[in-house]
Amino acid sequence: MSDTILIIGACGQIGSELTQKLRETYGNDHVVATDIREGNEDVTSSGPFEILDATDTEGILKIVQKYKVTQVYLMAAMLSATAEKYPQKAWELNMNSLLGVLELAKDKHIKQVYWPSSIASFGPTSPKINTPQQTIMEPTTVYGISKLAGEHWCNYYYNRYSVDVRSIRYPGIISWKTKPGGGTTDYAVDIYFKALENKSYECFLSENTRLPMMFMKDAIDATIKIMQTDAANIKTRTSYNLAAISFTPEEIAAEIKKHIPEFKISYKTDFRQQIADSWPQVIDDSQARQDWSWNHQFDLELMTKEMLKNLQ
Ligand code: AKB
(Lines give C-alpha, C1' and ligand atoms only; values in the text may rest on other atoms or scores of the structure.)
Protein backbone atom coordinates (compact mmCIF):
# COMPACT_ATOMS: atom_id res chain seq x y z
CA MET A 1 0.00 0.00 0.00
CA SER A 2 1.38 3.43 -0.86
CA ASP A 3 1.54 6.20 1.71
CA THR A 4 -1.17 8.77 2.32
CA ILE A 5 0.12 12.03 3.72
CA LEU A 6 -1.53 14.60 5.96
CA ILE A 7 -0.07 18.11 5.98
CA ILE A 8 -1.06 20.29 8.92
CA GLY A 9 -0.46 23.98 8.18
CA ALA A 10 -0.61 23.43 4.41
CA CYS A 11 -1.36 27.06 3.51
CA GLY A 12 1.74 28.50 5.20
CA GLN A 13 5.02 29.50 3.57
CA ILE A 14 6.61 26.03 3.55
CA GLY A 15 3.36 24.03 3.74
CA SER A 16 1.97 25.39 0.47
CA GLU A 17 5.01 24.44 -1.62
CA LEU A 18 5.47 21.16 0.23
CA THR A 19 1.86 20.23 -0.56
CA GLN A 20 2.38 20.85 -4.27
CA LYS A 21 5.62 18.85 -4.39
CA LEU A 22 4.19 15.95 -2.39
CA ARG A 23 1.10 15.90 -4.65
CA GLU A 24 3.37 15.69 -7.70
CA THR A 25 5.29 12.84 -6.05
CA TYR A 26 2.55 10.77 -4.39
CA GLY A 27 -0.53 11.76 -6.43
CA ASN A 28 -3.08 14.44 -5.54
CA ASP A 29 -5.46 12.10 -3.72
CA HIS A 30 -2.68 10.78 -1.50
CA VAL A 31 -1.90 14.17 0.02
CA VAL A 32 -4.51 15.67 2.36
CA ALA A 33 -3.90 19.36 2.97
CA THR A 34 -5.27 21.02 6.12
CA ASP A 35 -5.05 24.43 7.71
CA ILE A 36 -6.92 26.53 10.22
CA ARG A 37 -8.26 28.60 7.29
CA GLU A 38 -8.38 28.46 3.50
CA GLY A 39 -5.36 30.52 2.63
CA ASN A 40 -4.09 29.28 -0.69
CA GLU A 41 -6.10 28.50 -3.82
CA ASP A 42 -3.48 26.08 -5.27
CA VAL A 43 -3.51 24.04 -2.08
CA THR A 44 -7.29 23.93 -1.58
CA SER A 45 -8.17 23.11 -5.18
CA SER A 46 -5.48 20.64 -6.29
CA GLY A 47 -6.46 17.80 -3.92
CA PRO A 48 -8.30 17.01 -0.69
CA PHE A 49 -8.44 19.95 1.75
CA GLU A 50 -9.95 20.16 5.26
CA ILE A 51 -10.11 22.91 7.87
CA LEU A 52 -8.15 21.71 10.91
CA ASP A 53 -6.81 23.28 14.11
CA ALA A 54 -3.34 21.80 14.71
CA THR A 55 -3.99 21.57 18.46
CA ASP A 56 -7.21 19.55 18.00
CA THR A 57 -5.86 16.01 18.33
CA GLU A 58 -9.36 14.46 18.04
CA GLY A 59 -9.91 16.38 14.81
CA ILE A 60 -6.54 15.17 13.48
CA LEU A 61 -7.47 11.59 14.34
CA LYS A 62 -10.78 11.87 12.45
CA ILE A 63 -8.96 13.00 9.31
CA VAL A 64 -6.30 10.31 9.75
CA GLN A 65 -9.05 7.67 9.90
CA LYS A 66 -11.15 9.17 7.09
CA TYR A 67 -8.26 9.20 4.58
CA LYS A 68 -6.23 6.28 6.03
CA VAL A 69 -3.27 8.59 6.60
CA THR A 70 0.14 6.97 7.17
CA GLN A 71 2.41 10.04 7.45
CA VAL A 72 1.94 13.46 9.04
CA TYR A 73 3.92 16.61 8.22
CA LEU A 74 3.20 19.03 11.06
CA MET A 75 4.04 22.45 9.60
CA ALA A 76 1.79 24.71 11.72
CA ALA A 77 3.75 26.94 14.11
CA MET A 78 3.98 30.44 15.46
CA LEU A 79 7.32 31.91 14.36
CA SER A 80 9.89 33.83 16.39
CA ALA A 81 8.76 37.46 16.14
CA THR A 82 5.01 36.82 16.59
CA ALA A 83 5.74 34.37 19.40
CA GLU A 84 7.47 37.14 21.37
CA LYS A 85 4.16 39.06 21.26
CA TYR A 86 2.05 36.07 22.33
CA PRO A 87 4.37 33.78 24.34
CA GLN A 88 1.59 31.71 25.94
CA LYS A 89 -0.28 31.17 22.68
CA ALA A 90 2.95 30.29 20.89
CA TRP A 91 3.83 27.69 23.47
CA GLU A 92 0.35 26.16 23.30
CA LEU A 93 0.29 25.97 19.50
CA ASN A 94 3.88 24.81 19.02
CA MET A 95 3.85 22.23 21.84
CA ASN A 96 0.29 20.89 21.94
CA SER A 97 0.18 20.23 18.20
CA LEU A 98 3.41 18.23 18.40
CA LEU A 99 2.45 16.25 21.49
CA GLY A 100 -0.93 15.38 19.93
CA VAL A 101 0.64 14.05 16.74
CA LEU A 102 3.32 12.12 18.65
CA GLU A 103 0.57 10.48 20.73
CA LEU A 104 -1.25 9.42 17.54
CA ALA A 105 1.97 7.88 16.27
CA LYS A 106 2.58 6.16 19.62
CA ASP A 107 -0.92 4.66 19.40
CA LYS A 108 -0.09 3.41 15.86
CA HIS A 109 -2.64 5.57 14.04
CA ILE A 110 0.20 6.88 11.86
CA LYS A 111 3.58 5.43 10.90
CA GLN A 112 5.79 8.45 10.34
CA VAL A 113 5.96 12.05 11.51
CA TYR A 114 7.82 15.07 10.16
CA TRP A 115 8.23 18.05 12.46
CA PRO A 116 10.36 21.13 11.73
CA SER A 117 12.73 22.60 14.24
CA SER A 118 14.76 25.76 13.61
CA ILE A 119 18.10 27.50 14.07
CA ALA A 120 16.14 29.31 16.82
CA SER A 121 16.72 26.31 19.07
CA PHE A 122 20.28 27.66 19.53
CA GLY A 123 20.92 30.68 21.73
CA PRO A 124 23.50 33.36 22.48
CA THR A 125 25.81 30.90 24.23
CA SER A 126 26.00 28.53 21.23
CA PRO A 127 29.02 28.92 18.94
CA LYS A 128 28.01 31.36 16.18
CA ILE A 129 30.27 30.11 13.41
CA ASN A 130 29.96 26.53 12.16
CA THR A 131 27.48 25.80 14.94
CA PRO A 132 27.85 22.06 15.52
CA GLN A 133 25.04 19.51 15.52
CA GLN A 134 25.58 18.99 19.23
CA THR A 135 26.56 21.97 21.32
CA ILE A 136 25.35 24.34 24.06
CA MET A 137 21.68 25.16 23.40
CA GLU A 138 20.19 27.89 25.58
CA PRO A 139 17.54 29.65 23.45
CA THR A 140 16.22 32.98 24.72
CA THR A 141 13.05 33.27 22.58
CA VAL A 142 9.79 31.48 23.32
CA TYR A 143 9.85 30.08 19.78
CA GLY A 144 13.37 28.73 20.34
CA ILE A 145 12.41 27.24 23.69
CA SER A 146 9.42 25.50 22.06
CA LYS A 147 11.62 24.16 19.26
CA LEU A 148 14.27 22.84 21.65
CA ALA A 149 11.65 21.24 23.89
CA GLY A 150 9.95 19.78 20.79
CA GLU A 151 13.21 18.26 19.59
CA HIS A 152 13.58 16.46 22.89
CA TRP A 153 9.97 15.26 22.83
CA CYS A 154 10.66 13.79 19.37
CA ASN A 155 13.75 12.04 20.70
CA TYR A 156 11.81 10.80 23.73
CA TYR A 157 8.96 9.33 21.66
CA TYR A 158 11.50 7.65 19.38
CA ASN A 159 13.46 6.11 22.26
CA ARG A 160 10.53 5.21 24.46
CA TYR A 161 7.82 4.23 21.92
CA SER A 162 9.80 3.71 18.67
CA VAL A 163 7.90 6.55 16.98
CA ASP A 164 9.50 7.22 13.58
CA VAL A 165 9.72 11.01 13.85
CA ARG A 166 12.19 13.00 11.76
CA SER A 167 13.18 16.64 11.98
CA ILE A 168 15.31 19.40 10.48
CA ARG A 169 16.48 22.67 12.01
CA TYR A 170 15.44 25.05 9.24
CA PRO A 171 17.37 28.25 8.63
CA GLY A 172 15.44 31.26 7.22
CA ILE A 173 13.54 30.08 4.13
CA ILE A 174 13.31 32.30 1.07
CA SER A 175 10.43 31.85 -1.37
CA TRP A 176 8.40 33.80 -3.92
CA LYS A 177 5.11 31.82 -4.00
CA THR A 178 3.89 32.28 -0.41
CA LYS A 179 5.27 34.93 1.94
CA PRO A 180 6.40 33.95 5.44
CA GLY A 181 4.72 35.57 8.44
CA GLY A 182 6.03 36.51 11.85
CA GLY A 183 9.65 35.39 11.49
CA THR A 184 12.92 37.22 12.09
CA THR A 185 14.41 36.04 8.79
CA ASP A 186 11.38 37.37 6.81
CA TYR A 187 13.34 40.45 5.72
CA ALA A 188 15.20 38.29 3.21
CA VAL A 189 11.90 37.62 1.40
CA ASP A 190 10.41 41.13 1.76
CA ILE A 191 13.55 42.71 0.35
CA TYR A 192 12.91 41.10 -3.07
CA PHE A 193 9.26 42.20 -3.18
CA LYS A 194 10.17 45.77 -2.19
CA ALA A 195 13.15 45.90 -4.56
CA LEU A 196 10.80 45.28 -7.47
CA GLU A 197 7.92 47.43 -6.16
CA ASN A 198 9.73 50.48 -4.77
CA LYS A 199 13.43 50.08 -5.63
CA SER A 200 14.10 50.53 -1.94
CA TYR A 201 13.81 48.61 1.32
CA GLU A 202 13.99 49.58 5.00
CA CYS A 203 15.49 46.63 6.84
CA PHE A 204 14.59 45.81 10.45
CA LEU A 205 17.98 44.11 10.99
CA SER A 206 21.33 45.87 10.88
CA GLU A 207 23.57 45.70 7.80
CA ASN A 208 26.04 43.18 9.28
CA THR A 209 23.58 40.72 10.80
CA ARG A 210 24.59 37.38 9.30
CA LEU A 211 22.04 34.57 9.44
CA PRO A 212 21.74 31.09 7.92
CA MET A 213 19.26 31.02 5.00
CA MET A 214 18.02 28.66 2.29
CA PHE A 215 16.01 28.84 -0.94
CA MET A 216 12.62 27.12 -0.71
CA LYS A 217 13.39 24.49 -3.34
CA ASP A 218 16.34 23.23 -1.29
CA ALA A 219 14.21 23.20 1.89
CA ILE A 220 11.47 21.16 0.19
CA ASP A 221 14.01 18.72 -1.27
CA ALA A 222 15.59 18.22 2.16
CA THR A 223 12.21 17.72 3.84
CA ILE A 224 11.09 15.03 1.41
CA LYS A 225 14.54 13.44 1.37
CA ILE A 226 14.75 12.99 5.12
CA MET A 227 11.27 11.41 5.13
CA GLN A 228 12.07 9.03 2.26
CA THR A 229 15.43 7.83 3.50
CA ASP A 230 15.75 4.45 5.15
CA ALA A 231 15.11 4.69 8.91
CA ALA A 232 18.55 3.19 9.55
CA ASN A 233 20.15 6.33 8.08
CA ILE A 234 18.51 8.61 10.64
CA LYS A 235 21.05 8.76 13.45
CA THR A 236 19.68 11.92 15.07
CA ARG A 237 16.16 11.88 16.47
CA THR A 238 16.20 15.34 17.99
CA SER A 239 16.68 17.39 14.81
CA TYR A 240 19.32 17.77 12.08
CA ASN A 241 21.30 20.95 11.42
CA LEU A 242 20.67 22.01 7.82
CA ALA A 243 22.53 24.74 5.94
CA ALA A 244 22.87 26.29 2.51
CA ILE A 245 23.88 29.98 2.55
CA SER A 246 24.61 32.62 5.16
CA PHE A 247 24.47 36.32 4.31
CA THR A 248 23.92 39.78 5.78
CA PRO A 249 21.35 42.40 4.67
CA GLU A 250 24.21 44.33 3.09
CA GLU A 251 25.29 41.30 1.05
CA ILE A 252 21.79 40.42 -0.22
CA ALA A 253 21.24 44.09 -1.13
CA ALA A 254 24.50 44.10 -3.12
CA GLU A 255 23.34 41.00 -5.00
CA ILE A 256 19.97 42.62 -5.80
CA LYS A 257 21.77 45.75 -7.02
CA LYS A 258 23.47 43.67 -9.72
CA HIS A 259 19.98 43.30 -11.26
CA ILE A 260 18.36 46.57 -10.11
CA PRO A 261 21.21 49.13 -9.95
CA GLU A 262 18.99 51.89 -8.50
CA PHE A 263 17.96 49.70 -5.50
CA LYS A 264 18.64 51.28 -2.11
CA ILE A 265 18.60 49.73 1.35
CA SER A 266 18.26 51.62 4.63
CA TYR A 267 18.24 50.31 8.20
CA LYS A 268 15.89 50.81 11.14
CA THR A 269 16.30 48.01 13.64
CA ASP A 270 13.54 46.87 15.98
CA PHE A 271 13.02 44.09 18.58
CA ARG A 272 13.87 41.45 15.95
CA GLN A 273 17.52 42.55 16.03
CA GLN A 274 17.92 41.04 19.49
CA ILE A 275 16.38 37.75 18.31
CA ALA A 276 18.72 37.63 15.29
CA ASP A 277 21.73 38.42 17.49
CA SER A 278 20.94 35.38 19.64
CA TRP A 279 21.09 32.96 16.68
CA PRO A 280 23.98 31.28 14.85
CA GLN A 281 25.53 32.89 11.78
CA VAL A 282 26.79 29.79 9.97
CA ILE A 283 25.59 26.26 10.64
CA ASP A 284 27.61 23.05 10.35
CA ASP A 285 25.30 20.50 8.72
CA SER A 286 27.89 17.82 7.93
CA GLN A 287 25.91 15.18 9.80
CA ALA A 288 22.83 15.58 7.56
CA ARG A 289 25.10 15.51 4.50
CA GLN A 290 26.73 12.32 5.75
CA ASP A 291 23.69 10.43 7.12
CA TRP A 292 21.11 11.00 4.36
CA SER A 293 23.15 12.61 1.58
CA TRP A 294 21.71 16.11 1.91
CA ASN A 295 23.09 18.64 -0.55
CA HIS A 296 21.98 22.17 -1.43
CA GLN A 297 21.79 23.67 -4.93
CA PHE A 298 21.12 27.37 -4.47
CA ASP A 299 23.69 29.98 -3.48
CA LEU A 300 22.90 33.70 -3.03
CA GLU A 301 23.53 34.49 -6.70
CA LEU A 302 21.33 31.74 -8.12
CA MET A 303 18.59 32.33 -5.55
CA THR A 304 18.49 36.07 -6.34
CA LYS A 305 18.14 35.39 -10.08
CA GLU A 306 15.34 32.90 -9.39
CA MET A 307 13.50 35.21 -6.95
CA LEU A 308 13.58 38.26 -9.24
CA LYS A 309 12.66 36.24 -12.36
CA ASN A 310 9.61 34.69 -10.69
CA LEU A 311 8.44 37.83 -8.88
CA GLN A 312 8.64 39.86 -12.06
C1 AKB B 1 11.92 32.70 12.04
O2 AKB B 1 12.59 33.66 11.63
O3 AKB B 1 11.28 32.71 13.09
C4 AKB B 1 11.95 31.43 11.23
C5 AKB B 1 12.99 30.47 11.70
C6 AKB B 1 14.43 30.78 11.50
O7 AKB B 1 12.68 29.45 12.24
N8 AKB B 1 12.14 31.72 9.85
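Every value quoted in this text rests on a predicted model; they were computed, and no experiment measured them. (Residues numbered from 1 in each chain as written. Predicted model: local features only at pLDDT ≥ 70, side-chain atom pairs only at ≥ 80, totals over all residues. Heavy atoms only, no water.)

Quick look at the overall build of the chain now. Within the chain, the regular secondary structure consists of twelve helices and 14 strands. Here the C-alpha atoms of the chain give a radius of gyration of 19 Å, agreeing with the 20 Å that 2.2 N^0.38 yields for 312 residues. Considering only C-alpha atoms, the chain reaches an extent of 55 × 45 × 40 Å along its principal axes. Burial statistics for the chain: of 312 residues in total, 55% are counted as buried. Long-range contacts, defined as pairs at least 24 residues apart, comprise 78% of the intrachain contacts of the chain with a sequence gap of at least 6. Split by element, the accessible area of the chain, about 13,200 Å² in all, is 46% carbon and sulfur. Across the chain, the mean location of the 33 positive side-chain charges is 1 Å away from that of the 39 negative side-chain charges. (Helix = DSSP H or I, 4+ residues; strand = E, 2+ residues; numbered from the N terminus. Rg over C-alpha atoms; globule rule 2.2 N^0.38 Å. Buried < 20%, exposed > 50% of the residue type's maximum accessible area, 1.4 Å probe, protein only. Contact = heavy atoms within 4.5 Å. Areas by Shrake-Rupley, 256 points an atom, 1.4 Å probe, with all protein chains shown as cover. Lys, Arg positive; Asp, Glu negative; His and termini not counted. Charge placed at Lys NZ, Arg CZ, Asp CG, Glu CD.)

Inspection of the region around the ligand gives Leu79, Ser80, Ser118, Ile119, Tyr143, Gly183, Thr184, Thr185 and Trp279 as its neighbouring residues. At a separation of 2.7 Å, an oxygen atom of the ligand approaches a polar side-chain atom of Ser118. Between a nitrogen atom of the ligand and a side-chain N or O atom of Thr185, the distance comes to 2.9 Å. The fraction of the free accessible surface of the ligand (250 Å²) that becomes covered by protein chains is 93%. The residue inventory of the shell around the ligand, partitioned by class, reads four nonpolar, five polar and no charged. Domain assignment of the residues forming the shell around the ligand places at least three in each of domain 1 (5–171) and domain 2 (173–213 + 244–311). (Near = heavy atom within 4 Å. Polar contact = N/O pair within 3.5 Å; in protein donor to acceptor, adjacent residues only side chain to side chain. Nonpolar A, V, L, I, M, F, W, Y, C, P; charged D, E, K, R; others polar. Domains from an automatic or database assignment.)

So, on to the sheet that holds strand β8 (residues 168–170). The three strands lie next to each other as β6-β8-β12, forming an open sheet whose pairing is parallel. Since the sheet does not close on itself, it has two edges, and those belong to β6 (117–118) and β12 (240–241), each with one partner. Pairing of β8 with β12 involves two bridges; the strand directions are parallel. Following the sheet pairing, Ile168 is matched in β12 by Tyr240. Lying on the sheet, helix α8 (residues 216–228) is in contact with β8 and β12; it crosses β8 at an angle near 170°. (Pairing = 2+ DSSP bridges. Axes fitted to C-alpha atoms, helices over the stretch in contact; angles between N-to-C directions.)

With that settled, consider the packing of aromatic side chains. According to the stated counting rule, one finds ten aromatic pairs in the structure shown. Between the aromatic rings of Tyr73 and Tyr114, the centroid separation amounts to 5.6 Å while the plane-to-plane angle is 40°, which identifies the pairing as tilted. In this pair, Tyr73 is assigned in strand β4 (residues 71–74) and Tyr114 in strand β5 (residues 112–114), connecting sequence segments 41 residues apart. What makes Tyr114 buried here is its relative accessible area of 0%. Ring centres of Tyr187 and Phe204 lie 6.3 Å apart, and the angle between their planes is 90°; on these two criteria the pair is classed as edge-to-face. Placement of the pair is Tyr187 in helix α7 (residues 187–198) and Phe204 in the loop between β10 (200–203) and β11 (211–215), with a sequence separation of 17 residues. (Phe/Tyr/Trp six-rings, centres within 6.5 Å; stacked < 30°, edge-to-face > 60°.)

With that out of the way, let us pick up the sheet that holds strand β7 (residues 164–166). Taking strand neighbours across the sheet as the criterion, the six strands line up as β3-β2-β1-β4-β5-β7 in an open arrangement whose pairing is parallel. In this open sheet, the two edge strands, each paired with only one partner strand, are β3 (49–51) and β7. Strand-to-strand twist in this sheet, taken as the mean axis angle between neighbours without regard to direction, amounts to 20°. Sheet topology note: the β4/β5 ladder contains three bridges and is parallel. Bridge pairing in β5 links Val72 to Val113.

Below, the discussion takes up the side chain of Ser97. Take Ser97: it is sitting in helix α5 (residues 87–106). For Ser97, a relative accessible area of 0% gives the class buried. Those residues in contact with Ser97, other than ones at most four positions away along the chain, are Ala54, Thr55, Leu74, Ala76 and Glu92.

Below, the discussion takes up α5. For α5, with 20 residues, the first-to-last C-alpha span of 28 Å sits near the 28 Å given by 1.5 Å per residue. Those residues of α5 that fall on the buried side of the exposure criterion are Ala90, Asn94, Met95, Ser97, Leu98, Gly100, Val101, Leu102, Leu104 and Ala105. Two residues or fewer after α5 comes Lys108, characterised by a positive phi angle close to 65°. (Expected span 1.5 Å × (residues − 1).)

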